[in-house]
Amino acid sequence: MNRSGGRVVITPDRTVDGSASTDPAPRVLVVDDELFLADLVASALRYAGFASTTAGDCAEAEATVARERPDLIILDVLLPDGSGIDLCRRLRENGVLAPVIFLTARRTVADKIEGLSVGGDDYLTKPFSLDELVARARAILRRSQLAAPAPPPGETGGLRYADLVIDQEAHVVRRQNVVIDLSPTEFNLLRYLVQNAGRVMSKQQIVDQVWEYDFGGNHGVVSTYISYLRRKIDQFDPPLIQTVPRVGYTLRLPAE
């Protein structure tokens, strides 16, 4: 562990699954003004096979993101120079798509929805288990571009529905041959809908498959992310994402 200017940089010696490797490890930025907690989280991530860097406020975090381009950001909601939620919003507006796990002492459903609605991918309330944090980091990276699974032999990794094309290997989405920028969660939600095109998927099914964790029984985040997808995917005609009242959502052409 090396200290420089209040920052902690940890170099991993194992892969995410714990095996020895010389390949670059996933880069994680831990943003928290509680230095002890930031160091503790960074150390736990190091032993899980990640490369960890810490930042103590929004300004340092933004500079670190621009310089190091982390694969995952673990972000405290309350920081000395601003809100982690506002920081996440700025990062998304600036095209930073790295998944974000929020850390906070706030426990209400409204607080969780606020964090997830600005582009966060997961949410942990303090105090939390380091083992759970590591597990969630692994799950998010599995779903993100960094850890996208290889397609089965003979397949190209592409999915298609109508004029919508998902290149799973390149993590690129196109509609009418226009590239559409999606966050990792938006990408995985769209992929799940395309994989189940024509079937109506309930909010619970979507939460289980896309988020993999239960957000206190709240499904409002699904509606929020469906609205995000509609603004991006259904800016083209015909609209593909359909709501089935009191049942769920499906991907299908209006005439079907």
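Residues numbered from 1 in each chain as written. Predicted model: local features only at pLDDT ≥ 70, side-chain atom pairs only at ≥ 80, totals over all residues. Heavy atoms only, no water.

**Overview of helix α8 (residues 220–233)**
Right, on to step 1. For α8, which comprises 14 residues, the first-to-last C-alpha distance of 20 Å matches the rise-based estimate of 20 Å (1.5 Å per residue) to within 8%.
Right, on to step 2. Buried residues of α8: V221, V222, T224, Y225, I226, Y228, L229 and I233, and no others. (Helix = DSSP H or I, 4+ residues; strand = E, 2+ residues; numbered from the N terminus. Expected span 1.5 Å × (residues − 1). Buried < 20%, exposed > 50% of the residue type's maximum accessible area, 1.4 Å probe, protein only.)

**A closer look at the packing of aromatic side chains**
A ring pair, where both rings are aromatic, is described by two values, the distance of the centres and the angle of the planes.
Right, on to step 1. Counting across every chain of the model gives two aromatic pairs.
Right, on to step 2. Centre to centre, the rings of F102 and Y123 are 6.5 Å apart; their planes meet at 50°, and the pair counts as tilted. Residue F102 is located in strand β8 (residues 100–104), and its partner Y123 is located in strand β9 (residues 122–125); the two are separated by 21 residues in the primary sequence.
Right, on to step 3. Judged by centre distance (5.1 Å) and plane angle (70°), the ring pair of Y225 and Y228 falls under edge-to-face. One end of the pair is Y225 and the other is Y228, both in helix α8 and three residues apart, which spans about a single turn.
Right, on to step 4. Overall, Y225 belongs to the buried group, its relative accessible area being 1%.
Right, on to step 5. Y228 gets classed as buried once you look at its relative accessible area, which sits at 13%.
Right, on to step 6. Note that R46 overlies the ring of Y47, its terminal NZ or CZ placed 4.8 Å from the centroid. (Phe/Tyr/Trp six-rings, centres within 6.5 Å; stacked < 30°, edge-to-face > 60°. Lys NZ or Arg CZ within 6 Å of the ring centre and 35° of its normal.)

**Some details on the pattern of salt bridges**
Right, on to step 1. Taken as a whole and judged by the stated rule, the model has 13 salt bridges.
Right, on to step 2. Two residues, D86 and R89, come together in a salt bridge whose shortest N-O distance is 2.7 Å. You can see D86 and its partner R89 sitting in helix α3 (residues 84–93), three residues apart, about one turn around the helix.
Right, on to step 3. Accessibility expressed as a relative area gives 32% for R89, which makes it partly exposed.
Right, on to step 4. Put simply, R136 and D122 hold a salt bridge, and the shortest N to O gap is 2.7 Å. Highlighted residues: R136 in helix α5 (residues 130–143) and D122 in strand β9, separated in sequence by 14 residues. There is no split in this pair, since R136 and D122 are both buried. (Salt bridge = Lys/Arg side-chain N within 4 Å of Asp/Glu carboxyl O.)

**Re the sheet that holds strand β13 (residues 178–180)**
Right, on to step 1. Strand order in the open sheet made by the four strands is β10-β11-β12-β13, with antiparallel pairing throughout. The open sheet terminates on both sides in strands that have one partner only, identified here as β10 (158–161) and β13. Taken over all neighbouring pairs, the strand axes of this sheet differ in orientation by 25° on average, direction set aside.
Right, on to step 2. Two elements, strand β12 (residues 172–175) and β13, share three bridges in a ladder whose sense is antiparallel. When the bridges of β13 are listed, R174 appears paired with V179.
Right, on to step 3. Helix α6 (residues 184–195) rests against β10, β11 (164–167) and β12 of the sheet, and its axis sits at about 120° to β11. (Pairing = 2+ DSSP bridges. Axes fitted to C-alpha atoms, helices over the stretch in contact; angles between N-to-C directions. Contact = heavy atoms within 4.5 Å.)

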